[in-house]
Amino acid sequence: MAAGSVWRSLVSQAVGGAVRRPAFSSFSRGMQTVTLIPGDGIGPEISAAVVKIFDAAKVPIRWEERNVTAVKGPGGKWMIPSDAKESMDRSKIGLKGPLKTPIAAGHPSMNLLLRKTFDLYANVRPCVSIEGYKTPYTDVDLVTIRENTEGEYSGIEHVIVDGVVQSIKLITENASRRIAEYAFEYARNNQRSSVTAVHKANIMRMSDGLFLRKCREVAENYKDIKFTEMYLDTVCLNMVQDPTQFDILVMPNLYGDILSDLCAGLIGGLGVTPSGNIGANGVAIFESVHGTAPDIAGMDLANPTALLLSAVMMLRHMGLHEHANKIQMACFDTIKEKKVVTKDLGGGSKCSEFTAEICRRVQDLD
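Residues numbered from 1 in each chain as written. Predicted model: local features only at pLDDT ≥ 70, side-chain atom pairs only at ≥ 80, totals over all residues. Heavy atoms only, no water.

Some thoughts on the pairing of strand E6 (residues 122-128)
The condition is simple: Whether a residue is buried, partly exposed or exposed follows from its accessible area with a 1.4 Å probe, protein chains only, as a fraction of its type maximum: under 20%, in between, or over 50%, in that order. We count a stretch as a helix when DSSP gives it H or I for four or more residues in a row; a strand needs E for two or more, and each element gets its number in order from the N terminus. When DSSP finds two or more bridges between two strands, those strands count as paired.
A large share of E6 lies buried, amounting to seven of its seven residues. Of the two faces of E6, the one lined by Ala-122, Val-124, Pro-126 and Val-128 and the one lined by Asn-123, Arg-125 and Cys-127 are each fully buried. The pairing of E6 with strand E7 (residues 141-147) spans seven bridges and is antiparallel. Paired with Cys-127 across the strands is Leu-142, a residue of E7. As paired strands, E6 and strand E13 (residues 274-278) are joined by three bridges and run antiparallel to one another. Among the inter-strand pairings, Asn-123 is bridged to a residue of E13, identified as Asn-277.

Remarks on the sheet that holds strand E12 (residues 248-251)
Strand pairing in a sheet relies on backbone hydrogen bonds. The paired strands run either parallel or antiparallel. Applicable threshold: An axis is simply a line fitted to the C-alpha atoms; with a helix, the fit covers only the stretch in contact. Between two such axes, the angle follows the N-to-C directions and lies from 0 to 180 degrees. A contact between two residues is defined here by any heavy atoms of the two lying within 4.5 Å.
Strand order in this open sheet of 10 strands is E2-E1-E5-E14-E13-E6-E7-E12-E10-E11, and the pairing throughout is mixed. Only two strands of the sheet have a single partner each, and these edge strands are strand E2 (61-65) and strand E11 (226-231). Looking at each pair of strands side by side, their axes are set apart by 25 degrees on average, direction ignored. Relative to E2, strand E1 (residues 32-37) is paired through five bridges, and the arrangement is parallel. Along E2, the bridge assignment pairs Thr-35 with Glu-64. Here helix H3 (residues 43-56) sits on the sheet in contact with E1, E2, strand E5 (93-96) and strand E14 (284-288), set at roughly 160 degrees to E2. Along the sheet face, helix H4 (residues 82-91) touches E1, E2, E5 and E14 and points at about 145 degrees away from the line of E1.

Regarding the nonpolar core
The cut-off we apply is this: In this text, buried Ala, Val, Leu, Ile, Met, Phe, Trp, Tyr and Cys residues form a nonpolar core when linked through side-chain atoms within 4.5 Å.
Within the largest apolar cluster, 84 residues are counted, with the highest numbers of intra-cluster contacts made by Phe-54, Ile-145, Met-314 and Ile-327. Considering every element that reaches this core, the biggest residue donor is helix H10 (residues 305-318), with nine residues. Core analysis: the second largest hydrophobic core is formed by 14 residues, Ile-37, Ala-70, Ile-80 and Leu-120 among them.

Considerations on the packing of helix H11 (residues 321-337) against helix H12 (residues 351-364)
In a packed pair of helices, the relevant descriptors are the angle between the two axes and the axis-to-axis distance. Note the cut-off: Working definition: roughly parallel below 35 degrees, roughly antiparallel above 145 degrees, roughly perpendicular at 65 to 115 degrees, and oblique for all remaining angles. Note on convention: near helix rotated counterclockwise from far helix by under a right angle means a left-handed crossing. Clockwise means right-handed. Nonpolar residues are Ala, Val, Leu, Ile, Met, Phe, Trp, Tyr, Cys and Pro. Charged residues are Asp, Glu, Lys and Arg, and all others, Gly as well, are polar.
Interhelical geometry of H11 versus H12 gives an angle of 125 degrees and a closest axis separation of 9 Å. In terms of orientation, H11 lies oblique with respect to H12. The interaxial crossing formed by H11 with H12 has right-handed handedness. Contact residues: H11 offers Lys-326, Ile-327, Ala-330, Cys-331, Asp-333, Thr-334, Ile-335 and Glu-337, while H12 offers Phe-354, Glu-357, Ile-358, Arg-361 and Val-362. Among the residues making up the contact of H11 with H12, the classes are represented as seven nonpolar, one polar and five charged.

What about the state of the cysteines?
Worth spelling out the cut-off: The rule for a disulfide is simple: a pair of cysteine sulfur atoms within 2.5 Å.
Tallied over the entire structure, the rule returns zero disulfides. Summary of cysteine pairing: Cys-236 is not part of a disulfide, and the nearest cysteine sulfur, belonging to Cys-263, is at 8.3 Å. For the unlinked cysteine Cys-331, the closest cysteine sulfur is that of Cys-359, found at 11 Å. Judged by relative accessible area, which is 0%, Cys-331 ranks as buried.

A word on H3
Stated precisely, the cut-off is as follows: A helix is expected to span 1.5 Å for every residue after the first.
Spanning 14 residues, H3 covers 20 Å between terminal C-alpha atoms, matching the ideal 20 Å at 1.5 Å per step. For H3, the complete set of buried residues consists of Gly-43, Glu-45, Ile-46, Ser-47, Ala-49, Val-50, Ile-53, Phe-54 and Ala-56. Of the residues flanking the end of H3, it is Lys-58, one or two places downstream, whose phi is positive at about 55 degrees.

Set out below in structure tokens:
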């Protein structure tokens, strides 16, 4: 199967496969409100590009734009603005551009704050080679599933004595079981054959040992899915040698942050990698995972592909498959033709020109 066809197939399955199907019905009737968080740097530009493409495709979505700059609530606790939280509580679905985190004492990571606020426990990133975008690897077809709420990113740090800082890695039975169940359900619903648990239980025997133990227990209920376990360093070595040996990888937070970026590099970088965050109570936020690129902000040079493909994942999650297919095809065909693409995709076009070309192709498919 051609790489582009494989990609189309995977994005078509994307996040929706591991979410209960009945949830789709409420999204697919009439106009649906989606909370749009443009973000910082190039975020507003690429968000505007996605909105234009969605308009061209006549997607039945009403955007509710919100800012998520952290504010201090009662007792000095950091919170996202109340209007943003209320919007997400209503819509249940969000699309988010890149967010900057001020480097200041006590200021939280905005992405971490969003995950904790909405209990976005599973980060899902499909990494598949894109037809027409040449990289050293041509047959990548894997999914990283990252536990998103604890581990080293629990934010529990303190000074023991001057010059000595301790950071606590928090691993719980419930979170480990929940992410393992998500990974196996995703595999089953998307016709995937194997799940690999990534860990360092040989060193962190209690924390990673608990995570691995929960993965093994869950695997017992999915005999149709092959289960393997592998040390993080071994996965990294094998990944750069031959990524085709991997299918779905599930792992704790920090390992997932690193490994998912490595996998994105195999297919061309974060600029072409979609991402979805699945939470409790039906909430989901889809996002571009690249940086804010302040050096090119406002210059019409940004590549909106990652946010656009994340928005396609969002449409599939909402059950809007026809619109997703149309936008996806227009995007991939534009990249494959190489005539109107941004600099990072091997061309010299501006963001607005790339966006206009996708819009034209979307309208031609009507």
